[in-house]
Amino acid sequence: MRSLAIYLKNYRKESILAPFFKFLEVVFDLLVPVVIAQIIDVGITGNDRPYIIERFFILVLMAAAGLAVSITAQFFAAKASVGFATELRQAVYDHVQKLSYTELDTLGTDTLITRLTDDINQVQNGVNMGLRLLLRSPFIVLGSMVMAFTINTRCALIFVVAIPVLFLVVFVIMYLSIPLFGKVQARLDAVTGLTRENLTGVRVIRAFCREEEAVREFDASNAQLTKLNEFVGKLSALLNPVTYVLINIATVILINNAGLQVNLGNMQQGQVVALYNYMAQMIVELIKLASLIITLNKSAACANRVADILKVKSSMNHPVSTASTAVCGENAVEFHDVTFTYAESGAPSLSNISFSVKRGQTVGIIGGTGSGKSTLVNLIARFYDATSGTIQIDGQNIQNYSQHDLREKIGVVPQRAVLFKGSIRENMKWGRENATDEEIWDALTTAQAREIVENKDGQLDFKLEQNGRNLSGGQRQRLTIARAVVKKPEFLILDDSASALDFATDAALRRSLHQLSGNVTTFLVSQRAASIRQADLILVLDDGELVGKGIHDDLIRTCDAYREIYFSQFPEEREKYNTSNTAVSVNASEVTL
Ligand SMILES: Nc1ncnc2c1ncn2[C@@H]1O[C@H](COP(=O)(O)OP(=O)(O)OP(=O)(O)O)[C@@H](O)[C@H]1O
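Cut-offs used in this document
Residues numbered from 1 in each chain as written. Predicted model: local features only at pLDDT ≥ 70, side-chain atom pairs only at ≥ 80, totals over all residues. Heavy atoms only, no water. Helix = DSSP H or I, 4+ residues; strand = E, 2+ residues; numbered from the N terminus. Buried < 20%, exposed > 50% of the residue type's maximum accessible area, 1.4 Å probe, protein only. Contact = heavy atoms within 4.5 Å. Areas by Shrake-Rupley, 256 points an atom, 1.4 Å probe, with all protein chains shown as cover. Near = heavy atom within 4 Å. Polar contact = N/O pair within 3.5 Å; in protein donor to acceptor, adjacent residues only side chain to side chain. Nonpolar A, V, L, I, M, F, W, Y, C, P; charged D, E, K, R; others polar. Core = buried A, V, L, I, M, F, W, Y, C linked by side-chain atoms within 4.5 Å. Salt bridge = Lys/Arg side-chain N within 4 Å of Asp/Glu carboxyl O. Axes fitted to C-alpha atoms, helices over the stretch in contact; angles between N-to-C directions. Parallel < 35°, antiparallel > 145°, perpendicular 65-115°, else oblique. Left-handed = near helix turned anticlockwise from the far one by under 90°. Phe/Tyr/Trp six-rings, centres within 6.5 Å; stacked < 30°, edge-to-face > 60°. UniProt positions renumbered as here; feature names shortened; annotations may be inferred. Pairing = 2+ DSSP bridges. pLDDT = per-residue confidence, 0-100.

Draft legend 1. The arrangement of the overall build of the protein chain in detail. Looking only at helices and strands, the protein chain features 21 helices and twelve strands. Considering the protein chain as a whole, with its 593 residues, one finds that 45% of them fall into the buried category. Put simply, of all contacts in the protein chain between residues at least 6 apart along the chain, 76% involve residues at least 24 apart. Counting only carbon and sulfur atoms, one obtains 58% of the accessible surface of the protein chain, whose full area is about 30,300 Å².

Quick look at the structure:
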């Protein structure tokens, strides 16, 4: 948690001035009972009207000065805490951007969202309250005791006993509730996760008539959070009544003793009122202190969660600049005995994969669901590092490329088409910041998306909603393909990104990708045999193993898995294949005979 203090370093001045002005406010607060005592003991007892008026104006001046310093303290505390939270949020966000997919998979999106939003807000609140009140409350409590000693030592002893007892009560309740704040935030993570899942999947939930189950699941998770929050709340709520009871007991004892002292002539009535005022100020401050401690504890729990994210180190090291030892042979991509296992997953998702691809070739990757197709292409873009084996691009191990240089070479169209809120032009420029409208239209033409954009109001200026939800699935896919093409990458990876396209558009897309200028090496992941049939190299994956590689005509003869997939999609060709195979074997037996 202390590690977060560096984000206050640009607000050092504000962090000192806020408590300083609060201290001045305390001085004014502690002087008020003294002036009131003087009004009673001197002004009222001596019937001295001008004295009373003079003291009254002093009180008004003190109140005005107190207000001014309080507002100033508030200003500095707000400036420091808001600035601190802004820098912290930025730092966490930047850090998360640097983490590899492995860490992001392990952490999970839901907890990252809670930590970047709610947790940082709680920490900001804690810094604000801490700067203003952390010193004020002890100043008032101890100041009241000191002022009580200046009035009457015997009565001041009641403060000496009451204060540690009150501190003890506050401490015990805090001790019990502190560990629970971390648990509350963890349950909040769970509720956030469920909310996100249910809201993003709301159409599916309705399509499967699972509204009731979704509501029930959400209620259960929400109820768990509420139950824990209620328990922590009840525990914390004990503070006020318990401190009030103790202070009231102390006040009764104080008034009783002070009354005796007045009767004995050791004290005046005004001084009794001053002592009572100090006791009352202490009550208010202790209650503030208790709620401050609750806030600070919540903030500490949240600060620890935020600090934990900053402690996570990326498992990937990217060199600052690309090593200049590349040997540009004819192979654009080479996999040498690559095995990959996801973190926290027992079995490898890819085992001993070796193949090489020539520059400008089109590679089709096919296989059943979960066979490792996406995993394989994710390794090319270095979203994950291979567990063993090496991957080379242009003769250079991909681990020797700087992240920028590697990603510059590669255009990825992920399986889930993700677009961002903004105009189509802005989304296209994610590919290349300085792309001209003409280049964007060319890319849209290649991706078979020109017509879609031409029919939209404002065309390239048409505003997309978050996630591009004002487009159909197929339209989104085509725009994400165009975004990757705008980049003019050397390697284009399409991870099942044409699944929502009809067969004719899919074929047209493949034709235009083939005609892309430059020597673009394309990886096409697809479940459709027709999409990859013409590829220069087809990789067939089955349960993480490379069970076939070659061109269609060879694989149809030699690879059972490929044949199975192909004929399941083109059953009419199975007949032809069986007939020609029988003819071949009959001819062969005739030759033998
Ligand atoms: N982030 C992850 N963490 C752990 N395991 C994963 C992760 N992503 C994928 N897997 C596992 O790795 C295996 C291969 O998954 P992959 O997504 O590469 O398959 P795929 O062939 O692309 O499937 P599909 O055609 O359904 O997209 C699967 O068993 C899957 O459960």
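Draft legend 2. The site of the ligand, seen in detail. In the neighbourhood of the ligand, 14 residues make up the surrounding shell, with S349, K373, S374, T375 and Q415 lying closest. Between the ligand and D105, the relevant distance is 3.1 Å, taken from a nitrogen atom to a side-chain nitrogen or oxygen of the residue. Taking G372, its main chain carries an N or O atom lying 3.0 Å from an oxygen atom of the ligand. When the ligand is considered free in solution it has 630 Å² of accessible area, and contact with the protein chains removes 64% of it. Top contributing element to the shell around the ligand by residue count: helix 11 (residues 373–380), with three residues. Its residues placed into classes, the shell around the ligand shows two nonpolar, ten polar and two charged.

Draft legend 3. Expanded view of the environment of Q269. Its location among the elements puts Q269 in helix 10 (residues 269–311). Aside from chain neighbours lying at most four places away, what touches Q269 is I40 and D41.

Draft legend 4. How the structure looks around the nonpolar core. If you look at the biggest cluster of nonpolar residues, it comprises 46 residues, and the most contacted ones within it are L444, L479 and Y562. The biggest single contributor to this core is helix 16 (residues 473–486), with six residues. L444 has contacts with M428, A449, R450, V453, L460, L479 and A482, leaving out every residue within four places of it along the chain. Grouped together as the second largest cluster of nonpolar side chains are 34 residues, L30, V272, Y278 and L286 included.

Draft legend 5. Up close: the pattern of salt bridges. Taken as a whole and judged by the stated rule, the model has 20 salt bridges. For D385, the salt bridge identified is with R382, shortest N-O distance 2.7 Å. Residue R382 is classed as buried on the basis of its relative accessible area, which comes to 1%. Residues joined by salt bridges that share partners form a network here, namely K22, E25, D29, R136 and E285.

Draft legend 6. Broad picture of the packing of helix 4 (residues 109–133) against helix 10. Two elements in contact, helix 4 and helix 10, have axes separated by 7 Å at closest approach and are oriented at 140°. Taken together, the axis directions place helix 4 and helix 10 in an arrangement best described as oblique. Crossing of helix 4 against helix 10: the hand is left-handed. In the contact of helix 4 with helix 10, the residues fall into eleven nonpolar, eight polar and six charged.

Draft legend 7. Spotlight on the environment of G372. Examined against the element boundaries, G372 turns out to sit in the loop between strand 3 (362–367) and helix 11. A relative accessible area of 8% places G372 in the buried class. Between the C-alpha atoms of G372 and L350, which are 22 residues apart in sequence, the distance is 6.1 Å. Excluding its chain neighbours within four sequence positions, the residues that come into contact with G372 are S349, L350 and L541.

Draft legend 8. View of the packing of aromatic side chains. Tallied over the full model, the rule gives 15 aromatic pairs. Centroid distance F20 to F21: 5.6 Å. Interplanar angle 75°. Geometry classified as edge-to-face. Overall, the relative accessible area of 42% leaves F20 in the partly exposed class. Judged by centre distance (6.0 Å) and plane angle (25°), the rings of F21 and F76 are stacked. With F21 in helix 1 (residues 12–44) and F76 in helix 2 (residues 49–98), this pair connects stretches of sequence that are 55 residues apart. With respect to class, F21 is no different from F76; both count as buried. The rings of Y101, F340, Y342, F383 and Y384 are connected pair by pair, giving a single aromatic cluster.

Draft legend 9. How the structure looks around the UniProt feature "transmembrane region" (unreviewed entry) in the protein chain. UniProt feature "transmembrane region" (unreviewed entry): in the numbering of this structure it lies at residues 20–44, 56–77, 133–151, 157–178, 237–255 and 275–296. Overall, residues 56–77 shows 100% helix and 0% strand. The separation of its end C-alpha atoms is 31 Å. Span residues 237–255 is 95% helix and 0% strand, its end C-alpha atoms 28 Å apart.

Draft legend 10. Structural context of the pairing of strand 1 (residues 331–340). For strand 1, a buried count of eight out of ten residues is recorded, marking the element as mostly surrounded by other parts of the structure. Sheet topology note: the strand 1/strand 2 (residues 350–358) ladder contains six bridges and is antiparallel. Among the inter-strand pairings, F340 is bridged to a residue of strand 2, identified as L350. Taken together, the five bridges between strand 1 and strand 4 (residues 388–393) define a ladder with antiparallel strand orientation. If you follow V333 over to strand 4, its bridge partner there is I393.

Draft legend 11. Expanded view of the packing of helix 6 (residues 153–200) against helix 8 (residues 211–237). Running from N to C, helix 6 and helix 8 cross one another at 160°; their axes reach a closest spacing of 9 Å. If you check the angle between helix 6 and helix 8, you find them roughly antiparallel. Handedness of the helix 6/helix 8 crossing: left-handed.

Draft legend 12. Representation of the side chain of N128 in the model. Topologically, N128 is positioned in helix 4. Overall, N128 belongs to the buried group, its relative accessible area being 16%. When near neighbours in sequence (up to four residues on either side) are disregarded, N128 contacts A77, A78 and S81.

Draft legend 13. Up close: the confidence of the model for the protein chain. Of all residues in the protein chain, 95% have pLDDT values of 70 or greater, and the mean over the chain is 84. Throughout residues 583–593 the model reports pLDDT below 50, and contacts reaching past four residues in sequence, or to other chains, amount to zero contacts. Scored by ipTM, the complex comes to 0.96, with pTM at 0.69.

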